[in-house]
Amino acid sequence: MGEFMVHRVRFFDYMPSAIRAMAFNAGTQRLAVARADGAVEIFNFADNYFQEKVIPGRSGRAVEALCWVGGRLFSAGLNGEITEYDLEKLRPRYSVEAYGGPIWTISCNNQGTLLAVGCEDGTVKMFEILEERIQFQRNLDRQKGRIISLSWHPSGARIAAGMIDMIRIFDAKTGHATHRLLVERGLGTTRNTEVVVWSVAFLSDDTIISGDSAGKVQIWDAATGTLIRNHLITKWDVLALSVSQDQSSVIAGTSEGTVVQFQALASTMGQENSQWVRTRTFKNHSHDVRALVHTDTAVVSGGMDTQLVVRPLLDKVEKNTRESAMRKILFPHRNLVCCAKKAGLLLFQFPDHLELWRLGESNMQGQPGDILPVMKKPEKLLQLQNKGDDHICCSAVSPCGGWVAFSTVSSVRLYKLQLSNGNISINKVSKLPKELHSVYQLCFSSDSSRLFASSAQASVVVASLDQLQCRHLHTLKPKSGSSQPIHLLSPSENGKWLAAANTDGQIHVFNLHKLKLHCTLPVYSSCPTAIAIHPTTGHLLSAHADQQIFEFSLKLKEYTAWSRSLQREGLHPLWLQRDTPITHITFNANKPAHVFLHDLFMFCIIDQSLPLPQARKKLYNQMDLKTRSPQERMQESHAFKICKMFQHLLSVDLLDNSSLVVVERPLADIVSQLPPPVRQKKFAT
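Residues numbered from 1 in each chain as written. Predicted model: local features only at pLDDT ≥ 70, side-chain atom pairs only at ≥ 80, totals over all residues. Heavy atoms only, no water.

Is there a simple way to think about the overall build of the protein chain in this case?
Counting its secondary structure elements, the protein chain contains 5 helices and 55 strands. On C-alpha atoms alone, the protein chain measures out to a radius of gyration of 27 Å, which is about the 26 Å that the 2.2 N^0.38 rule sets for 685 residues. Projected onto its principal axes, the C-alpha positions of the protein chain cover 80 × 60 × 50 Å. Residue burial in the protein chain is summarised as follows: out of 685 residues, 56% are buried. The contacts in the protein chain between residues at least 6 apart in sequence include a share of 48% that link residues at least 24 apart. (Helix = DSSP H or I, 4+ residues; strand = E, 2+ residues; numbered from the N terminus. Rg over C-alpha atoms; globule rule 2.2 N^0.38 Å. Buried < 20%, exposed > 50% of the residue type's maximum accessible area, 1.4 Å probe, protein only. Contact = heavy atoms within 4.5 Å.)

Explain the sheet that holds strand 15 (residues 158–162) to me, please; I cannot follow it from the model alone.
In sheet architecture, strand pairing relies on hydrogen bonds along the backbone and comes in two forms, parallel and antiparallel. Read from one edge of the open sheet, 4 strands run 14-15-16-17, paired in antiparallel fashion. The sheet is open, and its two edges are formed by strand 14 (149–152) and strand 17 (177–182), each paired on a single side. Taken over all neighbouring pairs, the strand axes of this sheet differ in orientation by 20° on average, direction set aside. Here strand 16 (residues 166–171) pairs with strand 17 via 5 bridges, running antiparallel. Bridge pairing in strand 17 links R168 to R180. (Pairing = 2+ DSSP bridges. Axes fitted to C-alpha atoms, helices over the stretch in contact; angles between N-to-C directions.)

It is not clear to me how the sheet that holds strand 9 (residues 91–97) should be interpreted in this structure. Could you clarify?
Spatially, 4 strands are ordered 6-7-8-9 in an open sheet, and the strand pairing comes out antiparallel. At either end of the open sheet lies a strand with only one pairing partner, and these are strand 6 (63–69) and strand 9. Strand-to-strand, the axes of this sheet are offset by a mean angle of 25°, without reference to chain direction. Where strand 8 (residues 81–86) and strand 9 come together, 6 bridges link them in antiparallel fashion.

Where do I start with the nonpolar core in this structure?
Soluble globular proteins: nonpolar side chains tend toward being buried together. In terms of nonpolar packing, the biggest core is built from 33 residues, with L356, L414, L436, L442 and F444 touching the most fellow members. Core analysis: the second largest hydrophobic core is formed by 22 residues, L541, L571, L612 and F640 among them. (Core = buried A, V, L, I, M, F, W, Y, C linked by side-chain atoms within 4.5 Å.)

Teacher, can you tell me more about a positive patch on the surface here?
On the surface, a cluster of positive charge is made up of K479, K514, K516 and K557. With respect to the helices and strands, K479 occurs in the loop between strand 41 (469–476) and strand 42 (486–491). (Patch = residues over 30% accessible without salt bridge, like charges linked within 9 Å, V, L, I, M, F, W, Y side chains within 5 Å. Areas by Shrake-Rupley, 256 points an atom, 1.4 Å probe, with all protein chains shown as cover. Salt bridge = Lys/Arg side-chain N within 4 Å of Asp/Glu carboxyl O. Lys, Arg positive; Asp, Glu negative; His and termini not counted. Charge placed at Lys NZ, Arg CZ, Asp CG, Glu CD.)

In this structure, what is going on with unusual backbone geometry? I would like to understand it.
At N48, a residue that is not glycine, the phi angle is positive and equals roughly 60°. Structurally, N48 is set in the loop between strand 4 (40–44) and strand 5 (50–55). Of note in this structure, S448 is not a glycine but carries a positive phi near 60°. When you line up the elements, S448 lands in the loop between strand 38 (441–444) and strand 39 (450–454).

Just to check I follow, could you spell out the pattern of salt bridges for this structure?
Where charged atoms of side chains with opposite charge meet at close range, the side chains can pair. Enumeration over the complete set of coordinates arrives at 22 salt bridges. Notably, a salt bridge pairs E64 with R20, separated by 2.4 Å at the nearest N-O pair. Here E64 is found in strand 6, whereas its partner R20 is found in strand 2 (residues 19–25), with 44 residues between them in sequence. On the basis of relative accessible area, E64 is assigned to the buried category, the value being 11%. K216 is the partner of D212 in a salt bridge, and the nearest nitrogen-oxygen pair spans 3.2 Å.

What's the story with empty space enclosed by the protein in this structure? I'm lost.
Remark: the empty space left among the atoms is shown by a probe the size of a water molecule rolled over them. One pass over the structure, following the stated rule, counts 4 cavities of 30 Å³ or more. Lining the largest cavity are 17 residues, with F331, P332, H333, T583 and L600 sitting closest to its centre. Those elements giving two or more residues to the lining of the largest cavity turn out to be strand 29 (327–329) and strand 54 (649–654). Taken as a whole, the second largest cavity spans an internal volume of roughly 70 Å³. Taken together, D47, N48, Y49, F50, R327, I329, H333, A545, Q547, D579, T580 and P581 make up the full set of residues lining the second largest cavity. The residue makeup of the lining of the second largest cavity, split by class, is 5 nonpolar, 4 polar and 3 charged. (1 Å grid on protein atoms, 1.4 Å probe; cavity = no way out; pocket = protein on both sides within 12 Å on 5 of 7 lines; lining within 4 Å. Points joined across faces, edges and corners; volume = space filled by probe spheres on them. Nonpolar A, V, L, I, M, F, W, Y, C, P; charged D, E, K, R; others polar.)

Explain helix 1 (residues 561–569) here, please?
Along an α-helix, residues three or four apart share an orientation, since each turn contains 3.6 residues. When helix 1 is considered as a whole, its buried residues turn out to be W562, S563, S565 and L566. One side of helix 1 holds all its buried residues, which, seen down the axis, span an arc of 160°. Along helix 1, exposed side chains directed more than 90 degrees from the buried face belong to A561 and R568. Buried-residue contacts for helix 1 involve strand 48 (549–553), strand 49 (558–559) and strand 52 (603–607). (Arc of directions from axis to C-beta.)

Structure (structure tokens):
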């Protein structure tokens, strides 16, 4: 595997934001997740749960609810606005003021023609969904308390609204309230406390299911307005409900971190009438479960502990398969760390600022496994605050450490840095080309003389850098334009090639000497998660969300013999079972056969000169090989050298001095910064 001096970095204080809302689009298999900082993330459940898009947050934009209408995504929040998102430009398309105060909930009818929002002033407001916008249609009868939750009847004729101490049923055509269902308060001292109906679900058989702050899940008959069944499932709040598509199962999320499943089961054999029975309890969270989605095969939950959990229902999937494994999505599927390889600097991206650090130094030598004393401690050189409300969507530092750039959805900022005698000076480049107004991805050339920025319609803006000047050189465009955003950029070491990948799965390679498209790789069904161009062979390596790896010769415009061999023999089953994507690829110039790549839980060196691992051989065999004889070691050795010594890896990169930089973010550090949960786990309880 080789020996490296490793800079083990744990001073990136990245803190993910809590999950506030979720919405699932069964047609496209996309899950939208809204965070407390206003960011919206799109996960592709059909592509190994890959986080393919992130719409950056904005200060003051608190999203309370999400709703899909076909392929369009809407949100509502406490700022009183309804927002539709542009999923190609990764920004809000427009916002409409509802004029009802803070909005607590948003819901669309099954026909996809009307949006209903529940407001602080007690009104349910209807908006007609037009081709380009939404238009206010009417208010339903105004109520005395705020509207907390909404659910349409599948027919679209009625709508149920959860409030304080009650549920109202409205006729969607006349706008009048037809029924009032009074929700019972708690017992004892809680009897004087108002009950908040946090969530409602209106089923096609006229059943209404509600979850409230008294810890109850209640089953109601909407036709008669009577309570059928009462389930007390927690001492704390029931915050969220979600119903399966066939309406045979409902899940409830609580403040103590549990998710409880109820199923409609026939009380006796052959009887048509079924009863809602509590069947399962899942405990995958430490804090409030604020958002739930019930897919055909899994329970998807998220909340205050920031983790997105996909828990398969074992009666819906085949056991002991990849689909039956539980997944916890802890960190973004993209890089928030940029390394200046020549200068030994690290740039950390936060939503509202950047931090530039100089790595520590040691002049000692040691044996493998030794912890070397630090002669010079890591130093925070710069904190660059973003001015304005928009959060940072991408950033980069040049390999020489002389340039820093970052972008929001509305503007790009570029700074020139100078380091001398331990002091740092920073100058903002005031005049930027008009083409650099909104970009999705940034990177610098290896000689730090050019800035590359991915822009609209899968194009890439090339700008030259000189002193305090930034000049537009060319805009690179593929022949067949894709409307999907470019999420990966990778320039070659010799400055000749630039590879760009978008969320449609297309990878374009541009010739920077001729400033035109060189080739487009065959489109693979799974989205690329990392790309890189080899500094000596000129081959392009790509890793994909389904864990496949490809190598493409830019000179011959075809897959290499190693890549064809990999596809012919197949990757090891344990490699394919990993549930976090490869997020970075790099190379060792001293050993051209070595490819470095990493995901959240391991980093791997692929030695292309060695045979590929057979399915019957152990994949994780590095520790075993140390105890074997040289002859056995040769027989058992294979190309994939995997290290699991470091956990929760946000970045692994190789500096020009051949030392390795490993950036970790231990989950325990994140948990320690969360507020205390309502229920603490005690021994034997």
